[in-house]
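Each chain, written out:
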Amino acid sequence: MPISEIIFFVILFVSLYLQVFFMVTFFENRTSLKVPPVKKNELKRYPATTIIVPCWNEEETLATTVNSLLALDYPEDKLHIFIIDDGSTDRTLEIAREFEKHPRISVFTKENGGKYTALNLGLSHVSTELVGCLDADSYVEKGALLEIAKIFENPEVKAVTPAIKISSPESIIQFIQKAEYNISVYLRKMFSLVNGVQVTPGPFSIFRKSVFDDLGGYRRAHNTEDMEMALRLHANHYRIENAHHAFVFTKGPRTFRALHKQRVRWVYGYLMNILDYRKLLFNPRYGNIGIVILPAGLFAIASAFYFMFIIAKNIINTISDKVLQIETVGWQLSFRFGHFDWFSISTQWEAFLSLFLILSTLFIAFLGKKMAEDSWKPSLDIVLFVLFYGYIAFAWISRAVYNTAWARGKESWR
Amino acid sequence: MKAFRWQQYVIAFLITAAIFATAFLVSERLNQVKLDELQATRDEIAIDTLSTETQFSLLAESSCEDIGTPVLSQELNTLASRLSLAENNLGANDADVLRLKKYYSLLLIKDYLLAQEIGQKCGHEPVSILYFYSNEGDCPDCKKEGYVLTALRTTRPQLRVYAFDTNLDLSAINTLKAVLSLKNTLPAIVVDGKAYYGFQSEDALNALLPPPPPPKNATSTATSTATTSTSTET
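About the criteria used
Residues numbered from 1 in each chain as written. Chains lettered and ligands numbered in written order. Predicted model: local features only at pLDDT ≥ 70, side-chain atom pairs only at ≥ 80, totals over all residues. Helix = DSSP H or I, 4+ residues; strand = E, 2+ residues; numbered from the N terminus. Rg over C-alpha atoms; globule rule 2.2 N^0.38 Å. Contact = placed C-beta atoms within 7 Å. Axes fitted to C-alpha atoms, helices over the stretch in contact; angles between N-to-C directions. Parallel < 35°, antiparallel > 145°, perpendicular 65-115°, else oblique. Left-handed = near helix turned anticlockwise from the far one by under 90°. Nonpolar A, V, L, I, M, F, W, Y, C, P; charged D, E, K, R; others polar. pLDDT = per-residue confidence, 0-100. Pairing = 2+ DSSP bridges. Core = buried A, V, L, I, M, F, W, Y, C linked by C-beta atoms within 7 Å. Buried ≥ 20, exposed ≤ 12 C-beta atoms within 10 Å, placed from the backbone.

Some words on the overall build of chain A
Argument step 1. When helices and strands are counted, chain A shows 13 helices and eight strands.
Argument step 2. Since a compact globule built from 414 residues should have a radius of gyration of about 22 Å, the 23 Å found for chain A is in line with a globular shape.
Argument step 3. Seen through its C-alpha atoms, chain A measures out along the principal axes to roughly 80 × 45 × 40 Å.
Argument step 4. Long-range contacts, defined here as pairs at least 24 residues apart, represent 82% of the contacts in chain A between residues at least 6 apart.

Right, here's the structure in full:
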């Protein structure tokens, strides 16, 4: 077997193995996943909670974010909101001040220093049992905090992540993100079921305050403080759960350029944080996060390069053959309508397994949609995701890997 | 809530292995079906060839009309096309594909010889090209020549192109090369017994061939040149 075939075999096997691994997890837990949403008076107790809203130039979305927090189904006296302005240069502070008259809201302002510094300023004033963050470009559904508080009834749980969805997609790029985020609703839940949540995302991840007392506040962490915090929790054997009914909406970047910038930051941060926490990798002491989840992320990045290489090679070969043909004999129509021979269909094992992989990815996309939107209906976002995501993702993956290799990550809020 | 269970790794591994095994088995079975179909086509052509040879042996007692057109039939055309697809699918070095390709080449040589002899005796010289190529990277112009011959097929449907892979390690091909006194330069094209080496453009080949007949006669032997397109473009 030639080396290229062996590499392809290994990549297919590992890709399929990971999908099967999470599918097994899903079917093992399908009964517990069907629990209905938490009702208003269902909780034994309502722990006091502070939500920190760090913001930098968020004049357009801040009011929606804060209003969604005020509308949460949660006892008023148990919920506090801190708006931290990180030296905005637009009307963000002015808008924040308008909310200050509300007894549950406190506003702080400071010189611009990065998101983690804004979060730490908020943390230094928190005295509640639970504390969380909500990015100022996101907003929450009414029942989100109830869902999360329910999971905190288990004293072992130190942090709970929500189910994040894209709000009102308009551009193609946002529709692609919609499918991607729906898939992540499924994946986050599966990760939590195997104790492998790798990110406590900015939109509405809630922690026990004791976590910060024990482990310290947020760090710069290559501009991905949410991932560093999750890895730090795992490094200290703290449990992170996911509330798959706790829906949070976020505004995805509208253009490819903006999305590319955001994702380069994420993937770069992902790689750098894994380097920082490499002791977790393949270490059974840390469970599935070290054995499956983090290696799977690295594997996905490596295989993206392999597949892009193969695709680019095929495209270049096809184009150069066509150019040679046109140069030699001019334009020739090679396709004949009504002429089909089943011999032209590949019957190699690679073809069947690739098809299986595509179908299982589609199944996961639908599963994510079911979990996020309670619907199996095919939709445009899934089609766009399947067609284009692999290609556009490679753009930021390759850039982020380049940045990591040369340690060229840039400071950026978003 | 589960944390770390070895059983889960094992179950996932077994399911993945089962999926792979199924893919291998289905692939193996379908590939065998393809090869069986190729062999069936080959057998049909072999019978056709034998039939024409027999007819030719009886030529002394038969009229040229009874023999009709030589054997290079739709089946041979299909075999060439499917062999090319099988080469892409199963690999050019697959033992079964190589065996079928050798057999196909033998049938081509037989057809060429028969067509020559029938043509001489019945007085209708077939318009044919013998094309010797390699697709192992040692013939940079072979791909271009393949495009030219494929294009010729569309403008000259009565043209017979017999394409031979010189890397096939088939003694009959080597003998044919020796009979034609061919050098080892590729691509090599033989028209009317004369060899031409290196890339020959469509115009150059048209100049070597007799002018095509009017369109009304152009349909009966339209199958022959398809063998070139597939073999030469691989």
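Here the narrative resumes, following the displayed structure.
A few points about the packing of helix 1 (residues 3–28) of chain A against helix 12 (residues 349–373) of chain A
Residues and elements named next belong to chain A.
Argument step 1. Closest axis-to-axis distance for the helix 1/helix 12 pair is 11 Å, and the angle between their directions is 30°. Relative to helix 12, the element helix 1 is oriented roughly parallel. Viewed along their axes, helix 1 and helix 12 form a crossing whose handedness is left-handed. In contact with Phe-8, Leu-12, Ser-15, Leu-16 and Gln-19 of helix 1, helix 12 contributes Glu-350, Leu-353, Phe-356, Leu-357 and Ser-360.
Argument step 2. Tallied by class, the residues present in the contact of helix 1 with helix 12 amount to six nonpolar, three polar and one charged.

Looking at the confidence of the model for chain B
All names here are of chain B.
Argument step 1. Mean pLDDT over chain B works out to 78, with 80% of the residues at or above the 70 mark.
Argument step 2. Taking the mean pLDDT of every element in chain B, the minimum, 36, falls on helix 8 (residues 226–233) and the maximum, 93, on strand 3 (residues 188–191).
Argument step 3. Here the predicted complex carries an ipTM of 0.84, next to a pTM of 0.81.

A word on the interface of chain B and chain A
Argument step 1. Every contact between the two is made by 30 residues of chain B and, on the other side, 27 residues of chain A.
Argument step 2. Elements with a minimum of two residues in the side of chain B that touches chain A: helix 1 (6–57), helix 3 (74–90) and helix 5 (142–155) of chain B.
Argument step 3. Counting residues per element, the side of chain B that touches chain A draws most heavily on helix 1 of chain B, which supplies 15 residues.
Argument step 4. Looking at the side of chain B that touches chain A residue by residue, the classes come out as 18 nonpolar, six polar and six charged.

What to know about the sheet that holds strand 5 (residues 138–140) of chain A
Residues and elements named next belong to chain A.
Argument step 1. Taken together, the eight strands give an open sheet; going across it, the order is 3-2-1-4-7-6-8-5, and neighbouring strands pair in mixed fashion. Sheet topology places strand 3 (105–110) and strand 5 at the edges, where each strand pairs with a single neighbour. Here the average twist between neighbouring strands, direction ignored, is 30°.
Argument step 2. Judged from the three bridges that link them, strand 5 and strand 8 (residues 239–250) form a sheet pairing that is antiparallel. Across the sheet, the residue bridging to Val-140 is Val-248, located in strand 8.
Argument step 3. Contacting strand 1 (49–55), strand 5, strand 6 (157–166), strand 7 (206–208) and strand 8, helix 6 (residues 144–151) crosses the sheet at an angle of about 175° to strand 8.

Considering the sheet that holds strand 2 (residues 160–165) of chain B
Residues and elements named next belong to chain B.
Argument step 1. In spatial order, the strands read 2-1-3-4; together these four strands make up an open sheet with mixed pairing. In this open sheet, the two strands that pair with only one neighbour each are strand 2 and strand 4 (194–197). Strand-to-strand twist across the sheet, computed as the mean angle between neighbouring axes with direction ignored, equals 20°.
Argument step 2. Two elements, strand 1 (residues 128–133) and strand 2, share six bridges in a ladder whose sense is parallel. From the neighbouring strand, Tyr-131 faces strand 2, where its bridge partner is Ala-163.

Points about the nonpolar core
Argument step 1. Ranked by internal contacts, the top residues of the largest apolar core, which has 113 residues, are Val53(A), Ile83(A) and Ile148(A).
Argument step 2. Residue contributions to this core peak at 12 residues, all from helix 7 (residues 172–193) of chain A.
Argument step 3. Setting aside residues no more than four positions away along its own chain, Ile148(A) makes contact with Val160(A), Pro162(A), Ile206(A), Ala243(A) and Ala246(A).
Argument step 4. Counting 35 residues, the second-largest nonpolar core is a separate cluster that includes Tyr104(B), Tyr131(B), Leu149(B) and Tyr162(B).

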